[in-house]
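Close look at the chain arrangement
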Amino acid sequence: MPRHNETRALPYTAEQMFDLVADVGAYPQFLPWVSAIRIRSNSETEMVADMIVGFKALRETFTSRVVKERPGHVHVDYVDGPLRHLSNDWRFRDDGKGGVLVDFEVDFAFKNRMFEMLAGQMFDRALRKMIGAFETRAAELYGTSPAGRPSPPSGSSSSSAQSAA
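Quick caveat, the model's predicted, so the values are computed rather than measured.

1. A few points about the environment of R3
Structurally, the position occupied by R3 is in strand β1 (residues 3–10). According to the relative accessible area criterion, R3 is partly exposed, its value standing at 41%. Here the alpha-carbon distance between R3 and F108, two residues 105 residues apart in the chain, equals 6.6 Å. One polar contact links R3 to D107, side chain to side chain, over a distance of 3.3 Å.

2. Regarding the pairing of strand β7 (residues 100–110)
Counting buried residues along β7, nine of its eleven residues qualify, which places the element largely inside the surrounding structure. In this structure, β1 lies alongside β7, joined through eight bridges in antiparallel fashion. Each bridged residue has a counterpart across the sheet, and for N5 the counterpart in β7 is E105. Following strand β6 (residues 83–94), the chain reverses through five residues before pairing antiparallel with β7; G96 in that reversal takes a positive phi of roughly 80°.

3. What about unusual backbone geometry?
Glycine aside, negative phi is the norm for most residues, and most peptide bonds take the trans geometry. A cis geometry characterises the amide bond from R70 onward to P71, with omega recorded as -5°. One can find P71 in the loop between β4 (58–69) and β5 (73–80). Phi is positive for W33, which is not a glycine, with a value near 75°. Structurally, W33 is set in the loop between α2 (27–30) and β2 (34–42). With a relative accessible area of 24%, W33 lands in the partly exposed category.

4. Description of the side chain of D50
Positionally, D50 belongs in strand β3 (residues 46–55). A relative accessible area of 6% means that D50 is categorised as buried. Within polar-contact distance, the side chain of D50 engages the side chain of R40 at 3.1 Å. With residues up to four places along the chain from it excluded, the contact list for D50 reads A36, I37, R38, R40, T61, F62 and T63.

5. A short note on the environment of V76
You can see V76 is positioned in strand β5. In this structure the C-alpha to C-alpha distance between V76 and W90, which are 14 residues apart in sequence, comes to 8.7 Å. Aside from chain neighbours lying at most four places away, what touches V76 is S64, R65, V66, L86, S87 and N88.

6. With respect to the confidence of the model for the protein
Averaged over all residues, the pLDDT of the protein is 83; the fraction at 70 or higher stands at 81%. The secondary structure element of the protein with the lowest average pLDDT is strand β8 (residues 157–160), at 38, and the one with the highest is helix α1 (residues 14–22), at 97.

7. A word on the pattern of salt bridges
Following the criterion strictly, the structure yields nine salt bridges and no others. Put simply, D50 and R40 hold a salt bridge, and the shortest N to O gap is 3.1 Å. Of the two residues, D50 sits in strand β3 while R40 sits in strand β2, which places them ten residues apart along the sequence. Between R65 and E46 there is a salt bridge; the shortest N-O distance is 3.6 Å. Of the two residues, R65 is situated in strand β4 and E46 in strand β3; the sequence distance between them amounts to 19 residues. Linked by salt bridges that have partners in common, E6, R8 and E135 make up one network.

Definitions and cut-offs
Residues numbered from 1 in each chain as written. Predicted model: local features only at pLDDT ≥ 70, side-chain atom pairs only at ≥ 80, totals over all residues. Heavy atoms only, no water. Helix = DSSP H or I, 4+ residues; strand = E, 2+ residues; numbered from the N terminus. Buried < 20%, exposed > 50% of the residue type's maximum accessible area, 1.4 Å probe, protein only. Polar contact = N/O pair within 3.5 Å; in protein donor to acceptor, adjacent residues only side chain to side chain. Pairing = 2+ DSSP bridges. Contact = heavy atoms within 4.5 Å. pLDDT = per-residue confidence, 0-100. Salt bridge = Lys/Arg side-chain N within 4 Å of Asp/Glu carboxyl O.

Now the structure itself:
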């Protein structure tokens, strides 16, 4: 069951990063493998959305509930699709220097053993690509911080990817 957590220091505000992550409808514009989003419901505090994800011949639809606690937290829970479970948290904390610390955690498992084995083999590389896509999108939307600092290199990270038995 793939699991990952890390913290990144970025030159944006917590509000900016919250807005970026909470804008699920824009994901097909910048996230690899996300081909479409259908928003079922959306409010200031909660969203339910279907995400169509494809890679080569594989294509799946996931339904998730997104709980939004502006400006510090976005939590994603799995509702329906090919997973056994999914839990995803984004936390945004001011770093005291005009930027933000982004704490990211994801834990999921597929119902299908073949998908689970593929996810375990490709998880770290795919996750790095997706996190990079969020950082690139932030730079496109917000440029540098008000202090004029350029986007820093990746912050500290730790991860573990395991295949469920």
